[in-house]
Amino acid sequence: MRHIISILIENEAGALSRVSGLFSARAFNIESLTVAPTEDASLSRMTIVSTGSDDVIEQITKQLNKLIDVVKVVDLSEAAHIERELMLVKVRAAGKDREEMKRIADIFRGRIIDVTDSTYVIELTGNGSKLDAFLEAIDRTLILETVRTGVSGIGRGDRILKV
Amino acid sequence: MQLTGAEIVMRCLHEEKVEYVFGYPGGSVLYIYDELFKQDKFKHVLVRHEQAAVHAADAYSRSSNKIGVCLVTSGPGVTNAVTGIATAHMDSVPIVIISGQVPTAYIGQDAFQECDTVGITRPCVKHNFLVKDVKDLAITLKKAFYIARTGRPGPVLVDIPKDITNQKCEFEYPKTITMRSYNPVLKGHSGQIKKAVQMLLEAKRPMIYAGGGVILSDAAERLTKLARRLGYPVTNTLMGLGGYPATDKQSLGMLGMHGTYEANMAMQNCDVLIAVGARFDDRVIGNPANFSAVPRKIIHIDIDPSSISKRVKVDVPIVGNLPDVLDEIQKLLEASAGIPDPKALAAWWKQIVEWRGKKSLKYKQGKEVIMPQYVIEKLYEVTGGDAFITSDVGQHQMWAAQYYKFDKPRRWINSGGLGTMGVGLPYAMGVRFANPKATVACVTGEGSIQMNIQELSTAKQFRLPIKIINLNNRYLGMVRQWQQMFHGNRYAESYWDALPDFVKLAEAYGHVGMKIERPADVEPALREAFSAKHKSDLVFMDFLTDQTANVYPMIAAGKGLSEMILAEEL
C-alpha cells in the first residue's frame, strides 16, 4: 500500500543521506522524497512516499525513528490528510496549439508563468493523479520538459506535526 | 582558559574516565598524539593495524561494560577501521572512534589521505559526526559517549579535521546532555508487562529465549532469578551465552543453526515464548515461515522497537531496558498468587529431558587424531570454566560456543552478527586490558588467526599473556563443511597450502609456541600452558586436529528449527 511519511529531522549536514541511505540499505522503496527547512530553521521536514505491506511500513517508521537526528515521524496516510505536488511543464505553444494549451491549463487551474512566442511554462499543483491527468489531456508531442517536486503532505484539522 | 582542539580531546577523554585508547598515529591526528604524549591519565595501546584497534576497543567494552575508545588517522586509517566498526555495530557494542580528517579547507579536494569518513561509516555506526568548528568539539564528544552507551548501544564516530585540533576555544565539558531527537525508552509499558505475566503463568510449554541484550544490559542476574522462580527452560543465543548459567539444570544450551537438539525442539514446540534481548535472526530461527507454522504466543522484550516484529510477529511487545522490565515482571509475579501449572510443566520437562537424551553434542575421540571438540572440553576443564574466551569465526567458534560452558556473562567474546574472521587475537588483547588479572584464551583456527596475526607484536609489547588455542585442520573448516554438504564435495579454495610453522612464528614474535599432534598430549599441553610457569607468556598452541570434523547439530540455511541434521544420522 502507498504511504506518506512525514519526518522532522535536525537540519544538519548529511541529514538527507542518513534517510536515503537507510532506505537503500534496507531495500525499502521510495517513490518520492521532498525536503526543505521549516519555519524553525534548525529543523527540516521531509515527506516520503513509499509503498509496502503493513509490516514493511512499520519497519520503515521504526527505523526512521531510530536515526539519531530524527525528531518525529508520522504516517500521514493513517488519517485524514492533504497531499500536493507542484509540476512545471514547458510546452510548445505556437499557432493553433497556443489557444488550446491555454484552455486546458485553465481547466486544470494551471497558471502560465513564462511565455515566449513559441512556448509556455505552465505551473500546476494538485495530487499526483491530477498532474498525470493534465499530461494525458494535452498533446504529448508538445511536451518539451516536465519537472515535479514530489509529494508534500500535511494532516487535516488538529493533526499537527511539530516539536 | 583557551585550549586547542587536541587538548580538548584529551580533557574530554579524561572526563569520561577513559583508561585506554587503542590507536595508530598518522598525519591528521598528529596534534592529538602530541597532546596524548603529554598526559598520563590514560594509556595508549599501539596496535599494528587499525582494524585491530577497533576490535580491541570493542572487546574491552564487551568484557567490562565500559566504553572502548579508538583513535585513527584519516583515509586508510579509517577505511582499515571499518571492519572493526561494522563488527561492533552488528553486535551493539558501545565504542567511540575518533578519526582524523584532512584540514577543513581541503575537504572535498581529493587531498592526501582524504576519504568521506562520515559517508563511508554511516551505515555501520549508531551515529557519526564531522566537527566543523572547534567550539562544537567538546559537546560532540559528550554526545558521542552518551549515544554510544544509552538505548541500544553501538559505535559512534567523531571525525575531526586537522585544523580544528590546532584551533583554540574556551573549554567546558557539559555535565549532562539532552537531545530532543534522541530519548531512549527505559521503562516498559505496564499494561503490556501485566499481559506478559499473565501469559507466562498460563503457559503449558513455556520457553525463555535469551540473547545478547541480556549481556549488554547487565541483566543476567535478573534473568536467572526470574527463570528459577518460574522453573522454565532457558536457551541462550550465541551472543547471549553466559546470560544464564550453562551448567544449570534449566539451561538447554545454545539454540540455532548449531544449537542443541533440545533447545531447538523446545523453541519450535513451546506454546509461550519469551524473547529477552534477542532478535530472531536467521542463524537462530532459520526460516521464519517454518518457525511461524507452529502456533505459539510470543512475548518480546527489547530496547530497540525496530527489533520487535521484524522477522517474527509477536503478541506482546515490550520496549524497554531489560533490567527495568525484568524487575517489573518479577515484582508482578511476586505480588500475584499465580504459579505455573505444575502438571503441564512436569510433562513439558519430561519431553525436554527426552530430547536431551539424544545427546546431540556427542562425538568420538579416538587415539590417533585430535578432535577439535575434545580440545575445547579439556580447555574448559583446565581453566575451571572460569576463563574469558574469545573466538574467531568458523567451526572453532561453534565448538567453543557448544563445549565451553559459560556460567557468567561477558566471558564469551565473539563476532556473532558480522561474523568477522580475525577478531580473536585483538579481542583477547582488549579483554586483558579490561581485566588485567584474568585468564584469557583465544580459540581460533589457522585461517582466522592469520587475518590479524600481526597483533602478536602488540601482545608482546604490552606483555599480554594470552593463550591461543589454534584448532588447525588445514582447511577453512566451515567453508569446507558447506562445500561437503551443499556443493558436491568440491573444495574450492578452502584448503591451505603453505601454512606457516606457527611455533616458529610465535617464537619469532618473542612468544612461546607449542605444537600438539596427539590426543594424549592435549590435556598435558593445556595444563602446561595455563600453569604458573607460563603465567606471563603468550602461548601459541597449535593443535593439529581432525580434517573432516563437522559441526553438528546443523540446520541448513533456509530450513526450520525442527529440520536438524544430527551427527549420528550421517
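In this report, we go over the structure that sits alongside the text.

About the thresholds
Residues numbered from 1 in each chain as written. Chains lettered and ligands numbered in written order. Predicted model: local features only at pLDDT ≥ 70, side-chain atom pairs only at ≥ 80, totals over all residues. Helix = DSSP H or I, 4+ residues; strand = E, 2+ residues; numbered from the N terminus. Rg over C-alpha atoms; globule rule 2.2 N^0.38 Å. Buried ≥ 20, exposed ≤ 12 C-beta atoms within 10 Å, placed from the backbone. Contact = placed C-beta atoms within 7 Å. Pairing = 2+ DSSP bridges. Axes fitted to C-alpha atoms, helices over the stretch in contact; angles between N-to-C directions. Nonpolar A, V, L, I, M, F, W, Y, C, P; charged D, E, K, R; others polar.

**What to know about the overall build of chain B**
Working step 1: Counting secondary structure elements, chain B contains 22 helices and 20 strands.
Working step 2: The C-alpha atoms of chain B give 24 Å as radius of gyration, which agrees with the globular expectation for 570 residues (25 Å, within 12%).
Working step 3: Along the first, second and third principal axes, the C-alpha atoms of chain B reach 70 × 60 × 45 Å.
Working step 4: Residue burial in chain B is summarised as follows: out of 570 residues, 56% are buried.
Working step 5: Considering only intrachain contacts with a sequence separation of at least 6, the fraction spanning at least 24 residues in chain B is 77%.

**What about the sheet that holds strand 20 (residues 539–544) of chain B?**
All names here are of chain B.
Working step 1: Strands sit in the order 16-15-17-18-20-19 across an open sheet of six strands; the sheet is parallel. At either margin of the open sheet sits one strand with a lone partner, and together these are strand 16 (412–413) and strand 19 (512–516).
Working step 2: In this sheet, strand 20 lies alongside strand 19 in parallel orientation, the contact comprising five bridges. The residue bridging Gly513 from the neighbouring strand is Phe540, located in strand 20.
Working step 3: Against the sheet, helix 16 (residues 372–382) touches strand 17 (440–445), strand 18 (467–472) and strand 20, its axis set at about 160° to strand 18.

**Quick look at the interface of chain A and chain B**
Working step 1: The interface of chain A with chain B comprises 16 residues on the first partner and 12 residues on the second.
Working step 2: For the side of chain A that touches chain B, the secondary-structure elements that each account for two or more residues are helix 1 (15–25), helix 2 (54–66) and strand 4 (70–75) of chain A.
Working step 3: It is helix 2 of chain A that contributes the most residues to the side of chain A that touches chain B, five residues altogether.
Working step 4: Among the residues making up the side of chain A that touches chain B, the classes are represented as five nonpolar, five polar and six charged.

**Focus on unusual backbone geometry**
Residue and element names in this part refer to chain B.
Working step 1: In this chain, Tyr552 is followed by Pro553 through a cis amide linkage whose omega measures -5°.
Working step 2: Mapped onto the fold, Pro553 is located in the segment after strand 20.
Working step 3: For Phe280, which is not glycine, the phi dihedral falls at a positive 50°.
Working step 4: As for its position among the elements, Phe280 is in the loop between strand 12 (272–276) and helix 12 (282–285).
Working step 5: Overall, Phe280 belongs to the buried group, with 22 C-beta atoms counted inside 10 Å.
Working step 6: You will see that Ser309, though not glycine, has its phi angle at about 60°, which is positive.
Working step 7: Locating Ser309 in the fold gives a position in the loop between strand 13 (297–302) and strand 14 (316–319).

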